[in-house]
Amino acid sequence: MRNVEVRFHRDFAIGTTHPRLFGAFIEHLGRCVYGGIFEPGHPTADAQGFRKDVLDLVRELQPTVMRYPGGNFVSGYNWEDGVGPVGERPRRLDLAWMSTETNEFGTNEFIDWCRAADIEPMLAVNLGTRGGDAARNMVEYCNHPGGTTLSELRRTHGWDKPHGVKFWCLGNEMDGPWQMEAKTATEYGRIAQEAAKMMKWIDPSIELAAAGSSGRRMPTFGTWEDTVLQHTFDHVEYISLHTYLNNYDQDTPAFLASVDLMDHFIEEVVAIADAVAARRRSSKRIMLSFDEWNVWYRTRRNRAARVKEGWPVAPPILEEIYNMEDALAFGGCCISLLNHADRVTAACLAQLVNVIAPIMTETGGPAWRQTIFWPFLHFSRMGRGRVLRTEISSPTYSARYNDPQGPINDYYDIPAAPYLKLSAVHDDKVGTLTLFALNRSLEEEMPLTVAATGFPKLAVKQALQLCDRDLTAVNSKAQPDRIAPKPLSKVKVAGETVEAVLPPASWNVIQLAV
Ligand code: AHR
């Protein structure tokens, strides 16, 4: 491949990453909670039943914010079922995932788990089967100090101090027919507006995310955001986005190019949000909460991997096993999020454990890292700071990406995907400049030259690559480190110039001391 060139200047930044950009998601779904983060009786479980081996991996991954309890689950959830004496909590049918919910784990346990992991909680309220009244009661239960029935109830349940939850989602994917009590944009917009008003009257310090489209391919995408924001503009800080990439067609170049559609999606939602602001002559800017993103397809439309008959408790569903090429696409998503740090100020990898997750566990057994664990760890630990504006001169390729609607194929043309996808993040507190670079060529090494103007004395701190000749290689209980980062050797620095050779089909992280 001809030499690929990148230029940037220390003074020109897209924005500074928000701490909430590095979040993840825990849903009452399959073995995410039960057998995932929570397993009383497990050899590593603490007094509350939290698996310490999982907590250790979560601490390694360093997610900053955690969305809970759903997802589709929240649209049928009564938050009251999950608080109070465990023995008295009801067992209910969960219609989102066709399983039985024991409610052994609920909001208070989740808050304790977040505190143990040093993560900000993000709670979703049910705007499917319920509405503003249940939502405002939940805020009062969680955040009001005391002196009212609901706040005193929390205290009698053992949580004397208010939880002080700052970040709340107004329902989940309310545009999707699979959702319990899905709504039109106008129906949802009205309910979300009224719920938001009451929630903020109880606690004006909270921040709210309105539910955007459940995907860019939804037929109502665009008009949904426009209508919902017309209703909620004055009451929310965020609109949400969800994306799951796939390789149904076994077309790896198209799969890796599909990451660029995430960029388009973000830019389109920004345009719609700003159009709503313009109509109101408002200088307020609605931020984007990309609160579900990942690769997900093997266990998505496959009924056997999605539903276990007989309404089981915590069935092993959506346990996607990630391979090397998934880690590449996943790394591309991290770059897209970083490169929109000015407007995407919250994001959640969906999900955290067992269910489409970077961490896998065996019930009663060990926990291990999936391939996607690694790019998330790099993104989360080295991606914080000022994201610089880059000029990239790279050869491109064209692709057709299939994002099916149910059983019907739906193709998107991607005319010019640059082989290099890159983000440059300057952490001026720590004194590092980190380059995240994805080589999307499956055959060719990429000679890369970076002109880092304004950084006169660069030195390599660490250089890592994630790559393997076998793009189908996976990690497993038997081989937990089959895919793990290795040193990237061919990196040279001279003054403001960095030279590297990126292997074919590789995720690379070059961290430089400034
Ligand atoms: O993350 C899995 C599911 O994907 C979530 O419950 C839902 O919001 C989305 O459709």
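Model, not experiment: these values are computed from the prediction.

**Re the site of the ligand**
Phase 1: In the vicinity of the ligand, the residues found are F25, E27, G71, N72, W97, N172, E173, Y244, E292, W296, Q351 and I356.
Phase 2: Between the ligand and N72, the relevant distance is 2.9 Å, taken from an oxygen atom to a main-chain nitrogen or oxygen of the residue.
Phase 3: Residue E173 places a side-chain N or O atom 2.7 Å away from an oxygen atom belonging to the ligand.
Phase 4: The fraction of the free accessible surface of the ligand (290 Å²) that becomes covered by protein chains is 97%.
Phase 5: Counted by class, the shell around the ligand contains five nonpolar, four polar and three charged residues.

**Focus on the sheet that holds strand β11 (residues 287-295)**
Phase 1: The parallel closed barrel is built from eight strands, whose spatial order is β3-β4-β7-β8-β9-β10-β11-β12. Averaged over all adjacent pairs, the angle separating strand axes in this sheet is 30 degrees, with direction ignored.
Phase 2: Two strands pair when backbone bridges link them, and strand β8 (residues 167-170) and strand β9 (residues 207-210) are joined in this way by four bridges, in the parallel orientation. Residue W168 lies in a different strand from β9, and its bridge partner there is L208.

**Details of unusual backbone geometry**
Phase 1: The linkage connecting G70 with the following residue, G71, adopts the cis geometry, with an omega of 15 degrees.
Phase 2: Within the secondary structure layout, G71 lies in the loop between β4 (65-68) and β5 (92-94).
Phase 3: The linkage connecting A350 with the following residue, Q351, adopts the cis geometry, with an omega of 0 degrees.
Phase 4: Turning to its location among the elements, Q351 is positioned in the loop between β12 (344-350) and β13 (359-361).
Phase 5: Not every positive phi belongs to a glycine, and Q250 is a case in point at roughly 55 degrees.
Phase 6: Under the relative-accessibility criterion, Q250 is labelled exposed at 62%.
Phase 7: Its identity as a non-glycine residue notwithstanding, A505 has a phi of 45 degrees, on the positive side.
Phase 8: Residue position: A505 is located in the loop between β25 (497-502) and β26 (506-513).

**Overview of the sheet that holds strand β2 (residues 13-16)**
Phase 1: Within the open sheet, the seven strands sit side by side as β2-β15-β19-β20-β26-β22-β23. Their pairing is antiparallel. A single partner strand is all that each edge strand has here, and the edge strands are β2 and β23 (486-487).
Phase 2: Two strands pair when backbone bridges link them, and strand β15 (residues 386-388) and strand β19 (residues 420-427) are joined in this way by two bridges, in the antiparallel orientation. Bridge assignment links R386 to a residue of β19, and that residue is H426.
Phase 3: Of the strands in this sheet, β15, β19, β20 (432-439), β22 (459-466) and β26 are in contact with helix α10 (residues 324-338), which crosses β19 at around 50 degrees.

**Some points on the domain arrangement of the protein**
Phase 1: In terms of domain boundaries, the protein breaks down into domain 1 (4-10 + 388-513) and domain 2 (18-384).
Phase 2: With centres defined by C-alpha atoms, the gap from domain 1 to domain 2 works out at 28 Å.
Phase 3: Listed per partner, the contact involves 48 residues of domain 1 and 48 residues of domain 2.
Phase 4: Summed over both partners, the interface of domain 1 with domain 2 buries about 3,900 Å², with 64% contributed by carbon and sulfur atoms.
Phase 5: Taken as a group, Y401, K421 and W507 account for 17% of the area that domain 1 buries against domain 2, more than any other trio of residues on that side.
Phase 6: The interface formed by domain 1 and domain 2 includes five salt bridges.
Phase 7: As a salt-bridge pair, D263 and K421 come within 2.6 Å of each other at their nearest N and O atoms.
Phase 8: The interface formed by domain 1 and domain 2 contains 21 residue pairs in polar contact (both at pLDDT 80 or more).
Phase 9: Put simply, the parts of the chain that give the side of domain 1 that touches domain 2 at least two residues each are β17 (396-402), β18 (411-418), β19, β20, β22 and β26.
Phase 10: The class makeup of the residues in the side of domain 1 that touches domain 2 is 28 nonpolar, eleven polar and nine charged.

Cut-off values and rules
- Residues numbered from 1 in each chain as written.
- Predicted model: local features only at pLDDT ≥ 70, side-chain atom pairs only at ≥ 80, totals over all residues.
- Heavy atoms only, no water.
- Near = heavy atom within 4 Å.
- Polar contact = N/O pair within 3.5 Å; in protein donor to acceptor, adjacent residues only side chain to side chain.
- Areas by Shrake-Rupley, 256 points an atom, 1.4 Å probe, with all protein chains shown as cover.
- Nonpolar A, V, L, I, M, F, W, Y, C, P; charged D, E, K, R; others polar.
- Pairing = 2+ DSSP bridges.
- Helix = DSSP H or I, 4+ residues; strand = E, 2+ residues; numbered from the N terminus.
- Axes fitted to C-alpha atoms, helices over the stretch in contact; angles between N-to-C directions.
- Buried < 20%, exposed > 50% of the residue type's maximum accessible area, 1.4 Å probe, protein only.
- Contact = heavy atoms within 4.5 Å.
- Domains from an automatic or database assignment.
- Buried area = accessible area lost by both parts, 1.4 Å probe.
- Salt bridge = Lys/Arg side-chain N within 4 Å of Asp/Glu carboxyl O.

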